[in-house]
Every structure is written in C-alpha cells, then in structure tokens.
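Descriptive analysis of the structure
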Amino acid sequence: MKFQIFLTMFKQNQNSKISTTLVDFHCHIDLYPDFERLIQICEFNKIFTLAVTTTPRAWQRNYDLTKNCKYVRSAIGFHPQLVNKETLNELPLWEKYLCKTRYVGEVGIDGSKDFISTLNEQKNAFIQILKKCSDSRNKILSVHSVRSAGLVLDLINEYLARDRGKVVLHWFTGSLEEAKRATNLECFFSINTAMTRTQKGRLLIKELPLERLLTETDGPFIKRSNKSIYPTDINSVICDIANLKNLSYKDTANLVIRNLKNLLTAP
Ligand code: MN
C-alpha cells in the first residue's frame, strides 16, 4: 500500500488532482522526534500537510524528504521569533531556496513582549520576503501575526499585490475588524485547536467566511493532554469548526478540501 503511494510521483509545484481527505496547513514536521516516519504517516493517510520550517538552514532536509511526496509539501520559512541582527544574514539562503517551492512559511511578525526588541529586523525581513514572493508570483505563504495583525496586513497590502501571491494567516489572533480587513485582502485562515479553545477564537471563527477556512495543527507546539498533537489529529479541529458553523463533520471536511483546491488553483 505504502509502495503504491510512491508510484504516483508528484512534483512540489504541481497542484492538480489533489485527492486528499484532510488538510494540515501548518505543521512543524521536522520538530517531531519521528520526523521521517511522520511524513510517511501523512502520505499513507492522505493528509495534505504543509511542512513549515523555521530557518532557511532547515529547509534542504525537509525538501529532500518530501520532494516526491504526493501529500506533504515543504515550505521555506524564516520564523519571526528567530529573526534578529545576527540571523538576518540568512535571508540570502532563504532567497536561494525560494525558487524550489511554491510554499513559504513560517514567516511574519511577532509583536509579543519577548520579541518586540527585534521588531525592526523582523519588519525588514518580512518586507524582503514579501517583495521576493511578489517578484516570483504564485507563492502561498503561511504567516504568523501574533500581536502584529495590523502591521502584518499593512505590509501584505503594500508589498504583495493580490494577484502576485496568496496569504494564509496561521493561528490568527487579531480583532474582528482586522479579520475583516484580512478577508478583503483575500487572505485565508488556518484554524487550530488552540483557537477553538478560547472564547475569542470561537467568536472569530463564527465570523470568518466559510470559503476562507483551512485547518492546521501547528504541531508539535500545540498539545493535547500534555502530548504534542499530530497531523492525524486534525479531525478534532474539523469537529470544532463544524460545531461553531453548524455544519456536519463531513460537510466541514469537504469545505476545507474545496478551500484548499481553490487556494492552490486561484489565479
Ligand atoms: Mn508555527
């Protein structure tokens, strides 16, 4: 069975014929101890998984392990919490790999108190990332916007024209007003179980348009009963969204797949 999956070789940039059943659009697969096995598990279970990376240096190995996958894609990232004066020199490496994948992430800005001291560097890096994505067109970005939603949306609006790339806001915690702005900028939202656990997150999800919803685990950072969640646990967020949106589980799962297809095929 596993072998059959590998008979269907699929290039990262191809996006037709997605026959996935579940979607985990933001997972740090390389941070699990059983990294390689987990890729096989996602493949076997037909879970479209976006393997985000946190530094450009981590990307090559992710790429090597996923380049022939049918369901797992590796995204080239530069996590805002890791951007500072010393690491800014890794941007050329990020740029070097950009042409090898359609997917970018985790990128963005973190304005929380532990990272506010590097805000200028984060902003510079994110602007350069957006500009490069805009130049290459057709990229899909998984964006972090903790305590910086307004600024992140300003920069997306200024540096990434809507027909030049697509943004998925991961674990969005901005206001309803900012969510509306993001919707007008044609952003998608990848929803996780940390969001559905809070009152604010639930209110947000109720307001978000159905056609912009995706699902994510943000594993291994998000835990359940003290254990990191896995892409195979993604059904719990589908259940939560189904409850909040008064849909059945099946309709919600289908909705997310349809949204993924729209995201990947949008002009
Ligand atoms: Mn993350």
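In case you missed it, the structure is sitting above this.
Structure report, in brief. (Residues numbered from 1 in each chain as written. Predicted model: local features only at pLDDT ≥ 70, side-chain atom pairs only at ≥ 80, totals over all residues. Heavy atoms only, no water.)

**Here's the deal with the overall build of the chain**
- Counting secondary structure elements, the chain contains 11 helices and 10 strands.
- The buried share among the 267 residues of the chain stands at 55%.
- At a minimum sequence separation of 6, the contacts of the chain that also span at least 24 residues come to 74%.
- Within the chain, one finds 38 positive and 27 negative side-chain charges whose respective centroids are separated by 5 Å. (Helix = DSSP H or I, 4+ residues; strand = E, 2+ residues; numbered from the N terminus. Buried < 20%, exposed > 50% of the residue type's maximum accessible area, 1.4 Å probe, protein only. Contact = heavy atoms within 4.5 Å. Lys, Arg positive; Asp, Glu negative; His and termini not counted. Charge placed at Lys NZ, Arg CZ, Asp CG, Glu CD.)

**With respect to the coordination of the manganese ion**
- For the manganese ion, the full set of protein donor atoms is His26 (NE2), His28 (NE2), Glu106 (OE) and Asp218 (OD), at a range of 2.3 to 2.4 Å.
- Between the donor residues of the manganese ion, the gaps in sequence give the motif H-x1-H-x77-E-x111-D. Here His26, found in strand β1 (residues 22-27), pairs with Asp218, found in the loop between β8 (213-215) and β9 (223-224); they are 192 residues apart in sequence, far enough to count as distant.
- Judged by relative accessible area, which is 4%, Asp218 ranks as buried. (Donors = N, O, S within 2.8 Å, 3.2 Å for Na, K, Ca; no water.)

**Here we look at the packing of aromatic side chains**
- One pass over the structure, following the stated rule, counts six aromatic pairs.
- By way of ring pairs, the aromatic residues Phe25, Phe48 and Tyr103 are connected into one cluster. (Phe/Tyr/Trp six-rings, centres within 6.5 Å; stacked < 30°, edge-to-face > 60°.)

**Some remarks on the pairing of strand β4 (residues 103-108)**
- Counting buried residues along β4, six of its six residues qualify, which places the element largely inside the surrounding structure.
- Judged from the four bridges that link them, β4 and strand β5 (residues 139-144) form a sheet pairing that is parallel. Across the sheet, Val104 pairs through a bridge with Leu141, a residue of β5.
- Each parallel crossover has a hand, and the one from β4 via helix α5 (residues 119-136) to β5 is right-handed. (Pairing = 2+ DSSP bridges. Right-handed = clockwise from strand over helix to strand, strands pointing away.)

**Considering the sheet that holds strand β2 (residues 47-51)**
- Spatial strand order, β1-β2-β3: three strands in an open sheet with parallel pairing. Strands with a single pairing partner mark the edges of an open sheet, and in this sheet they are β1 and β3 (72-74). Strand-to-strand twist in this sheet, taken as the mean axis angle between neighbours without regard to direction, amounts to 10 degrees.
- Alignment of β2 against β3, held across three bridges, turns out to be parallel. Bridge pairing links Ala51 to Ser74 in β3.
- Together, β1 and β2 form the strand contacts of helix α11 (residues 249-265), whose direction differs from that of β1 by roughly 60 degrees. (Axes fitted to C-alpha atoms, helices over the stretch in contact; angles between N-to-C directions.)

**Considerations on the environment of Gly165**
- For Gly165, the location among the structural elements is in strand β6 (residues 165-170).
- In this structure, the C-alpha to C-alpha distance between Gly165 and Ile109, residues 56 residues apart in sequence, is 18 Å.
- Setting aside its immediate chain neighbours within four residues, Gly165 contacts Asn138, Lys139 and Leu160.

**Describing the packing of helix α10 (residues 235-245) against α11**
- Close contact between α10 and α11 brings their axes to 9 Å; oriented N to C, the two are set at 110 degrees. Considered as vectors, α10 and α11 are oriented roughly perpendicular to each other. The segment α10 lies against α11, with Asn235, Ile238, Cys239, Ile241 and Ala242 engaging Tyr249, Thr252 and Ala253.
- Partitioned by chemical class, the residues of the contact of α10 with α11 number six nonpolar, two polar and no charged. (Parallel < 35°, antiparallel > 145°, perpendicular 65-115°, else oblique. Nonpolar A, V, L, I, M, F, W, Y, C, P; charged D, E, K, R; others polar.)

**As for unusual backbone geometry**
- Note that the residue after Gly105, namely Glu106, is joined by a cis bond; omega there is 10 degrees.
- Structurally, Glu106 is set in strand β4.
- Following Gly219, the chain continues into Pro220 via a peptide bond in cis, with omega recorded as 0 degrees.
- Tracing the sequence through the fold places Pro220 in the loop between β8 and β9.
- Even without being a glycine, Asn246 presents a positive backbone phi close to 55 degrees.

Taken by themselves, the reported measurements are silent on function.
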